[in-house]
Amino acid sequence: MADLQPCPLKTDPSSSCPSDGRWLFNTGAVKDGLLVARYHKNNLYLFEPHFDTPPQPEIITFDTPFAGRFGLMICFDILFHKPTVALVEKGVRQLVYPTAWINHPPLMDAVQFQQAFSLGANVTLLAANIRYDQLKMRGSGIYTPFSATYHHAQKGDPEEGRLLVARVPVLDPLWVGQSVTTEEGVVRSESTSSTATESGFCHQESCSDSPPPETASLVPPSSATFISFMIFDPFTFLYALGAFAGTHTMYSRMALQVCALVRCAGLDASSCGQEVEEAESKMDFLLEGKFGTRYVYPSVLASKMVLEQPEHLETAADGRVTMKHSNMIGSLVTACLYGRMYHLDNE
């Protein structure tokens, strides 16, 4: 919703108060008969010139009687340190996330990055996207580090809403292991592994209970590399393996380190990185990169925007991140390790 708030008019040119003395914020509101919490969006997108940025980033949480503490963020916020990562680093493990996300496959489809953030940050994410096909807005879900319940409409589907319901574990550290009786019944928190109860981003040698991946056979790299663009950034491709380290500047300044295996749209090298939603090939793979950040978000996207849970994720002390997956159910569109260098965004 929009929230109109008065602000102090100042003659100081650097003041963020508009000339009419009122701020207009893109706002997430939590209500239970009364207003429980209110969050003003910090990271505005290109299509929001009518909204104002709050004078200071807001870190907003609210408590529930059934699952403990939740945090609030909106749409583009998921790509930035404040408020999203700041919430996680405060120990918030459950996030409410309304969004109007414009899909940009092969790297930034809505359900793809929603799941990637849930896995990479080790949190539960409740993501509700607008359905607006004209702007490629579709894809919502309920994500935990162990599961995903989601809906991604296909082209030609009726443009209507979809209700998603899922039972998820309580991840709030203060509530893990408890059960609470409500008027509707009992909401049971599920016992989780030590990995699941760790707050924030995974620092362990292994981020799953799977056995360690087998040593991959060494394949001599090809000298026939080439440059192609994904979401306006120049990735260097080795066949369909793309790597990018730099600052994304098209929609906002975002320092990235990305390693991605993608299905090319055609036989020409320039087609690699173009938007692709369908594929025909299933493959086993091990994708590995050495990152200069601990904020790495993994995703496996199959044909027709179907998500697959990575079989094995591992983070080493030297920054090396490994994602292994086999026996795919669908055909591979993208396998991605999406690293964010938040501290370099403004350099």
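Scroll up for the structure.
Our subject in this report is the structure included herewith. Fair warning: this is a prediction, and the values are worked out from it, not measured in the lab. (Residues numbered from 1 in each chain as written. Predicted model: local features only at pLDDT ≥ 70, side-chain atom pairs only at ≥ 80, totals over all residues. Heavy atoms only, no water.)

Some details on the pattern of salt bridges
- Throughout the structure, instances matching the rule amount to 13 salt bridges.
- For R138, the salt bridge identified is with D133, shortest N-O distance 3.5 Å.
- Judged by relative accessible area, which is 7%, R138 ranks as buried.
- Residue classification places D133 among the partly exposed residues on the basis of a relative accessible area of 24%.
- Between E280 and R263 there is a salt bridge, and its shortest N-O distance comes to 3.1 Å. Of this pair, E280 sits in the loop between β15 (254-262) and β16 (285-290) while R263 sits in the loop between β15 and β16, and the two are 17 residues apart along the sequence.
- Linked through salt bridges whose partners overlap, the residues forming this network are R131, D133, R138 and E277. (Salt bridge = Lys/Arg side-chain N within 4 Å of Asp/Glu carboxyl O. Buried < 20%, exposed > 50% of the residue type's maximum accessible area, 1.4 Å probe, protein only. Helix = DSSP H or I, 4+ residues; strand = E, 2+ residues; numbered from the N terminus.)

Remarks on the side chain of D77
- By the element assignment, D77 lies in the loop between β5 (68-72) and α1 (81-89).
- A distance of 2.8 Å separates the side chain of D77 from the side chain of N43, its partner in a polar contact.
- Filtering out sequence-adjacent residues up to four positions away, D77 remains in contact with Y39, K41, N42, N43, P83 and T84. (Polar contact = N/O pair within 3.5 Å; in protein donor to acceptor, adjacent residues only side chain to side chain. Contact = heavy atoms within 4.5 Å.)

Concerning the sheet that holds strand β19 (residues 312-315)
- Spatially, the 3 strands line up as an open sheet ordered β16-β20-β19, and their pairing is antiparallel. Either end of the sheet is taken by a strand with one partner, and the two such strands are β16 and β19. Going from strand to strand, the sheet's axes swing by 10° on average, the running direction of each strand aside.
- Two elements, β19 and strand β20 (residues 320-325), share 4 bridges in a ladder whose sense is antiparallel. Of the residues in β20, the one forming a bridge with T315 is V321. (Pairing = 2+ DSSP bridges. Axes fitted to C-alpha atoms, helices over the stretch in contact; angles between N-to-C directions.)

Focus: the side chain of N103
- Along the chain, N103 turns up in the loop between β6 (94-99) and α2 (110-121).
- Among the polar contacts listed, one links the side chain of N103 to the backbone nitrogen of A110, at a separation of 2.7 Å.
- Only 3.0 Å separates the side chain of N103 from the backbone oxygen of R138, close enough to count as a polar contact.
- With residues near it in sequence (within four places) discarded, N103 still touches M108, D109, A110, K136, R138, H152 and E275.

Some thoughts on the nonpolar core
- Formed by 63 residues in total, the largest nonpolar core has its most connected members in I78, L79, L95, L107, F113, F117 and Y297.
- With sequence-adjacent residues up to four places away left out, F113 is seen in contact with I78, L79, M108, Y297 and Y338.
- Judged by nonpolar contacts, the second largest core, of 15 residues, contains V300, M323, M328 and L332. (Core = buried A, V, L, I, M, F, W, Y, C linked by side-chain atoms within 4.5 Å.)

Some thoughts on unusual backbone geometry
- Omega for the peptide link from K82 to P83 comes to 10°, which places this bond in the cis form.
- By secondary structure assignment, the location of P83 is in helix α1.
- Residue P106 is reached from P105 by a cis peptide bond, and omega for that bond is 15°.
- Tracing the backbone through its elements, the reader meets P106 in the loop between β6 and α2.
- Positioned with a positive phi, K304 is a non-glycine residue whose angle comes to about 60°.
- With respect to the helices, strands and loops of the structure, K304 is situated in the loop between β17 (296-302) and β18 (306-307).

A closer look at the state of the cysteines
- Scanning all chains against the criterion turns up 2 disulfides.
- Across the disulfide from C7 sits C17; the S-S distance is 2.0 Å. On the sign convention where negative is left-handed, the bridge of C7 and C17, at about 75° about the S-S bond, is right-handed. Of the two residues, C7 is situated in the loop between β1 (2-6) and β2 (22-32) and C17 in the loop between β1 and β2; the sequence distance between them amounts to 10 residues.
- Here C7 falls in the buried class, since its relative accessible area comes to 9%.
- Disulfide partner of C264: C272, at an S-S distance of 1.8 Å. Every disulfide takes its handedness from the sign of the S-S torsion; for C264 and C272 that torsion is 90°, giving right-handed. Take C264 and C272: they sit in the same class, and that class is buried.
- Looking at C259, it has no disulfide partner, and the nearest cysteine sulfur is the one in C336, 7.8 Å off. (Disulfide = S-S within 2.5 Å.)

Points about the pairing of strand β8 (residues 140-143)
- On β8, burial covers both faces: S140 and I142 on one face and G141 and Y143 on the other are all buried.
- In terms of strand pairing, strand β7 (residues 124-129) meets β8 through 3 bridges, oriented antiparallel. Bridging across to β8, L126 finds its partner in I142.
- The sheet contact formed by β8 and strand β9 (residues 148-151) spans 4 bridges and is antiparallel. The residue bridging G141 from the neighbouring strand is Y150, located in β9.
- Following β8, the chain reverses through 4 residues before pairing antiparallel with β9.

Keep in mind that these numbers describe shape and distance, not what the molecule does.
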